[in-house]
Amino acid sequence: MTRPAPLLHAILVLIAAAALALPLVVVRMTPAAHHTRVQASPRIAVPTEPPPVEPVELQDLSPDEARAWNDSIPFAKGPKPVARPFDFVGSAVDLARATDCLAAAGYYEAGDDSAGERAVVQVVLNRLRHPAFPKTICGVVFQGAERATGCQFTFTCDGAMTRRPSEGAWRRARQVATAALHGAVYRPVGYATHYHTDWVVPYWSASLDKIAEVHTHLFFRWAGWWGTPPAFNRGWAGGEPMIAVLAALSDAHRAAPVDDAKAALDAEHYAGRIPPSLADDPDTFLARFDPAQAAQFPVIARATCGQRTKCKVIFWTDAAKMGYVLPLAPDEMAAMSFSYIRDKAAGLDRTLWNCNEFKARAPCMKRQVMRLPVVGAAASVKITGAATPPNEPAELRGVRRKPSLPDPPPLANQN
């Protein structure tokens, strides 16, 4: 056998060496794979109870001091989503009542001003969708109106409704309300649930996000999850109540003439079936009735009150859970099946149902829940360039301020 030539042998050796070395070179030159650790976003726990709806209590400030204070609080950063359109689905009577309640809120809170009225109306609709508020338009607008203080919209309890709008102003307010109930959205205020004029400072403004300004009104949403779109997940409950103080402006809120003869017969018919009034309160009645009589509860309650100008009637269907004296215990309040409240001076004539027991009835009682502290997310924001005055009330510490402006004077609670 002939041996290969030395040159050919050398070439073959080089080829073999290259074949062995090439994979090692490729491996060494290939960049190492970098494994990026993907960190899961922290899970946000949805709160189980809505924040409390605080009464309107104002800081003791002059209008100029209040404006300086309000101007020192910056607008919230980040997204300001727009509310979804609202489409009213109730009966013609419910729609008429809702329209006039909404129109009254817009007119009496903002005056004959289209932008202001649209902003106020949007806040009412936002509140209706939020679990912290009543579930009818009129219920939202007149929440707390039966009290001398603590109403949510001040015009409902400060005597403003004695001033009637002109025919043109009322027509324009109703047009704004009608548009909103059929899908019109006022985008600038987003999901705001609170507002106030710039010449006052309510205590609750310290813990909310300021998100918009419309003329002299400032608009706020709750901080944290309760101010985000998923929190606005409720709907209209049905059964718009009749608001007696709107009777002068609205046919829908004008009661039919009272049939005195029928009322007398009703009172006589039910007189032996209800207990006497409380010994220490002749205008309050507590009683138990068969749930099969639920359809008659409003008639029985009004017959019980007779001609009284102020009256309160509470019915239970479970004798073991009913109350016999005031004040009622929490478990007795939770077990109430029906209540009727009348206060002619305040224009109040209201029936409320335990809708857990009577699911087809409305309007519903607001269930008693544990009150939580005011949401204070704003307090967790680091403030730069602005020191908190040492004598500032605790509820206002941590409020976000513009660093370029001096702190406002110390505040005191209004008596």
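Look a little higher up for the structure.
Keep in mind the model is a prediction, meaning the values are calculated, not measured.

A. Here's a closer look at the overall build of the protein. Broken down by element type, the protein carries nine helices and seven strands. The contacts in the protein between residues at least 6 apart in sequence include a share of 68% that link residues at least 24 apart. Within the structure as shown, the protein displays about 22,900 Å² of accessible surface, and the carbon and sulfur contribution to it stands at 59%.

B. Representation of the packing of helix α3 (residues 92-110) against helix α4 (residues 114-129) in the model. Put simply, α3 and α4 touch, their axes get as near as 8 Å, and they point 130 degrees apart. Taken together, the axis directions place α3 and α4 in an arrangement best described as oblique. In this structure, α3 meets α4 at a crossing whose hand is right-handed. Within the contact between the two elements, α3 uses Leu102, Ala105, Gly106, Tyr107, Glu109 and Ala110 and α4 uses Gly116, Glu117, Val120, Val121, Val124 and Leu125.

C. Local environment of the pattern of salt bridges. All chains considered together, the criterion is met by eight salt bridges. Residue Arg174 pairs with Asp100 through a salt bridge whose shortest N-O separation is 2.6 Å. Taken together, the residues Arg174 in helix α6 (residues 167-181) and Asp100 in helix α3 connect sequence positions 74 residues apart. Of the residues examined, Arg174 reaches a relative accessible area of 30% and is grouped as partly exposed. We note a salt bridge from Asp349 to Arg302, for which the minimum N-O separation is 2.8 Å. Residue Asp349 is found in strand β7 (residues 348-353), and its partner Arg302 is found in helix α8 (residues 297-305); the two are separated by 47 residues along the sequence. For Asp349, a relative accessible area of 28% translates into the label partly exposed. Looking at Arg302, the relative accessible area reads 34%, which means it is partly exposed.

D. Spatial organisation of the packing of aromatic side chains. Tallied over the entire structure, the rule returns 19 aromatic pairs. Between Phe153 and Tyr195, the aromatic rings sit 6.2 Å apart at their centres with planes inclined by 50 degrees, giving tilted as the arrangement. Note that Phe153 is positioned in the loop between α5 (137-141) and α6 and Tyr195 in strand β1 (residues 194-197), a separation of 42 residues in sequence. Linked through ring pairs, Phe289, Phe297, Phe315, Phe338, Trp353 and Phe358 together constitute an aromatic cluster.

E. Local environment of the environment of Ala320. With respect to the secondary-structure elements, Ala320 resides in the loop between β5 (310-316) and α9 (330-334). Assessed through its relative accessible area of 73%, Ala320 is described here as exposed. Taking C-alpha positions, Ala320 is 9.4 Å from Glu332, a pair spaced twelve residues apart along the chain.

About the criteria used
Residues numbered from 1 in each chain as written. Predicted model: local features only at pLDDT ≥ 70, side-chain atom pairs only at ≥ 80, totals over all residues. Heavy atoms only, no water. Helix = DSSP H or I, 4+ residues; strand = E, 2+ residues; numbered from the N terminus. Contact = heavy atoms within 4.5 Å. Areas by Shrake-Rupley, 256 points an atom, 1.4 Å probe, with all protein chains shown as cover. Axes fitted to C-alpha atoms, helices over the stretch in contact; angles between N-to-C directions. Parallel < 35°, antiparallel > 145°, perpendicular 65-115°, else oblique. Left-handed = near helix turned anticlockwise from the far one by under 90°. Salt bridge = Lys/Arg side-chain N within 4 Å of Asp/Glu carboxyl O. Buried < 20%, exposed > 50% of the residue type's maximum accessible area, 1.4 Å probe, protein only. Phe/Tyr/Trp six-rings, centres within 6.5 Å; stacked < 30°, edge-to-face > 60°.

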